[in-house]
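Below, each chain spelled out in residue letters.
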Amino acid sequence: MRIDCVVNGVFRRADDVWAGESLLHVLRERLGLPGAKNACEQGECGSCTVYLDGEPVCACLVPAGQARGRDVVTVEGLGDGDELHPVQRAFVAAGAVQCGFCTPGLVVAVHDLLARTPSPADGEIREALAGNLCRCTGYEKILTAVRLAAGREHES
Amino acid sequence: MDFLQPESWAEALAVRAAYPEALPVAGGTDVMVELNFARRRPPALLDLGRVAELADWGGEDGLLRLGAGVPYRRIVTELAGRVPGLAMAARTVGSPQIRNRGTVGGNLGSASPAGDALPPLLATGALVELASVRGVRRVPVAGFCTGPKRSVLAPDELIAAVLLPAERGPEQFAKIGTRNAMVIAVCSFALALRPADRTVGTGIGSAAPTPVRAVAAEELLAAELPWASRAELPDPLVRRFGELVAAAASPIDDVRGTAAYRRHALGVLAGRAVRRAWTEHRREGGAG
Ligand SMILES: Cc1cc2nc3c(=O)[nH]c(=O)nc-3n(C[C@H](O)[C@H](O)[C@H](O)COP(=O)(O)OP(=O)(O)OC[C@H]3O[C@@H](n4cnc5c(N)ncnc54)[C@H](O)[C@@H]3O)c2cc1C
Ligand code: FES
Ligand code: FES
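Keep in mind the model is a prediction, meaning the values are calculated, not measured. (Residues numbered from 1 in each chain as written. Chains lettered and ligands numbered in written order. Predicted model: local features only at pLDDT ≥ 70, side-chain atom pairs only at ≥ 80, totals over all residues. Heavy atoms only, no water.)

What is the right way to read the interface of chain A and chain B from this model?
Interfaces are frequently sized by the accessible area removed from exposure as the parts join. Each side of the interface is counted separately: chain A has 34 residues, and chain B has 30 residues. Counting the surface lost from both chain A and chain B, the interface buries some 2400 Å², and carbon and sulfur atoms represent 52% of this. In this assembly, chain A and chain B are joined by two salt bridges. Between Arg73(B) and Glu55(A) there is a salt bridge; the shortest N-O distance is 2.5 Å. (Contact = heavy atoms within 4.5 Å. Buried area = accessible area lost by both parts, 1.4 Å probe. Salt bridge = Lys/Arg side-chain N within 4 Å of Asp/Glu carboxyl O.)

What follows is the structure, given as structure tokens:
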């Protein structure tokens, strides 16, 4: 089947998509957007997090056909050209990236959190990121990055 | 595999009747796991995501009608005041990403004994509305699940909505798991007090082949609670309630916990739930 949708502000088309295929597969394998990662394919790790019509979702659990005519934003769409988004800069500055596999999903989840709650308390950060697993950092540097992006760096 | 994408409820029912072997998909949080791991290869998917009628809620004849396709996130943000027990349960489902997509219709469709929406629906005596081109029927949630992953849903039917009484009292939901997010319940418990007619509802999750009520425990509370005086809860009543809730379960040993642990935990959850609900009832009456 054919999938037409808007990805990162640009009209995109994918043909010959299998009906049971996930949005994640379409983004990575058909549209050349490997930012969202494929790790668990069962909604547990959050490394495939993208915006679908403005809401963060696990792209691995979205049937591609449901994205027809919808608006998708991936981690590739957050920065401005070569300019990283402030959330991405905070991850770099805080050393919140080790292997980096979890990072794109976390960046999208943090982007959403700060858009809704510009200055989240630590409890709110933990709750918002409960669906994003990281096997490397132990999360402390990730919390530091979120505080940094939220302008709370003096507390970390 | 085909991807069927009706744009209206009437069309969805017609497609369902014509292709009963097509697998309905709402938020996809159960269905896609099965597809990704090749556990299931249905000949077609029937996407319910474009059916506006499923994504709505509103009042209807003294009932609150919650469309089967309303995601958990909206139950938490829009309905916490109207369906407090269900909203508490919705808040414990998965992660923000899962709550943005997962629906009560999908929870019923999966009919897992661990489905978190089911105990609060049981406790409030909710009805499930099932529809097909043949017509519409309403079944009590208590009669919807017939076993693990089995329900009374006919091959040509879709779940339209759940209907909850609009007149409510204090409600509670509690769930045991290894962390505060992303857990399938080891066991869970929901309680609804209805001071207006002095009745009590309960729902137990993950401790029997289907979600179950603790009927004897409900009867005990309804008869013994000091409804009128709103006096403090007698400790022996709380203890006896916990025992009857634990006795109503028929848990098994599995990777998440033993049967004995589940029974014990249910007694604890039930005691907490009734204390919290009663505190709320007393506060509303100006006492306590
Ligand atoms: C990471 C993760 C964490 C999870 N955590 C929890 C949790 O904490 N608690 C919990 O209870 N569940 C949890 N789940 C399971 C799942 O999210 C829930 O069961 C959810 O309610 C399913 O809703 P859905 O809309 O995504 O269903 P779908 O996957 O779209 O469908 C599920 C089933 O219902 C059927 N169906 C859906 N809508 C209808 C309808 N209107 N009429 C007829 N049949 C229908 C489908 O055919 C399918 O059989 C989790 C899942 C994941 C992946
Ligand atoms: S790959 Fe989607 S949640 Fe892990
Ligand atoms: S940095 Fe390796 S998984 Fe998070």
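The rest of the description comes next.
Even after reading the chapter, I still don't get the packing of helix H3 (residues 72-79) of chain B against helix H4 (residues 84-91) of chain B, so can you show me in this structure?
When two helices pack together, their arrangement is given by the angle between the helix axes and the distance between those axes. Residue and element names in this part refer to chain B. Contact pair H3 / H4: the axes reach a minimum separation of 8 Å and the direction vectors enclose 135°. Viewed along their axes, H3 and H4 adopt a mutual orientation that is oblique. The crossing of H3 and H4 is left-handed. Residues Tyr72, Ile75, Val76 and Leu79 of H3 form the contact with H4, whose participating residues are Pro84, Leu86, Ala87, Ala90 and Arg91. (Axes fitted to C-alpha atoms, helices over the stretch in contact; angles between N-to-C directions. Helix = DSSP H or I, 4+ residues; strand = E, 2+ residues; numbered from the N terminus. Parallel < 35°, antiparallel > 145°, perpendicular 65-115°, else oblique. Left-handed = near helix turned anticlockwise from the far one by under 90°.)

I'm lost on the pairing of strand S3 (residues 49-52) of chain A in this one. Help?
Put simply, side chains in a regular strand alternate between the two faces of the sheet. Residues and elements named next belong to chain A. By the alternation rule, side chains of S3 split into Thr49 and Tyr51 and Val50 and Leu52, which are all buried. Connecting S3 to the antiparallel partner strand S4 (residues 55-58) that follows it, the hairpin turn spans two residues, and Asp53 within it adopts a positive phi of roughly 45°. Two elements, S3 and strand S5 (residues 71-73), share two bridges in a ladder whose sense is antiparallel. Following the sheet pairing, Tyr51 is matched in S5 by Val73. (Buried < 20%, exposed > 50% of the residue type's maximum accessible area, 1.4 Å probe, protein only. Pairing = 2+ DSSP bridges.)

Sorry if this is basic, but what is going on with the site of ligand 1 here?
Around ligand 1 there are 36 residues in total, and Pro24(B), Thr29(B), Asp30(B), Tyr72(B) and Thr103(B) lie nearest to it. The local environment of ligand 1 is shared, drawing residues from chains A and B. Within the backbone of Gly94(B), a nitrogen or oxygen atom sits 3.0 Å from an oxygen atom of ligand 1. The separation between an oxygen atom of ligand 1 and a polar side-chain atom of Lys175(B) is 3.1 Å. Protein burial of ligand 1: of its 980 Å² of free accessible surface, 92% is covered by the chains. Only strand S2 (23-25), helix H6 (104-110) and strand S10 (158-165) of chain B provide two or more residues apiece to the shell around ligand 1. Element by element, the count of residues in the shell around ligand 1 is highest for H6(B), at five residues. Across the shell around ligand 1, the residue classes break down as 17 nonpolar, 15 polar and four charged. (Near = heavy atom within 4 Å. Polar contact = N/O pair within 3.5 Å; in protein donor to acceptor, adjacent residues only side chain to side chain. Areas by Shrake-Rupley, 256 points an atom, 1.4 Å probe, with all protein chains shown as cover. Nonpolar A, V, L, I, M, F, W, Y, C, P; charged D, E, K, R; others polar.)

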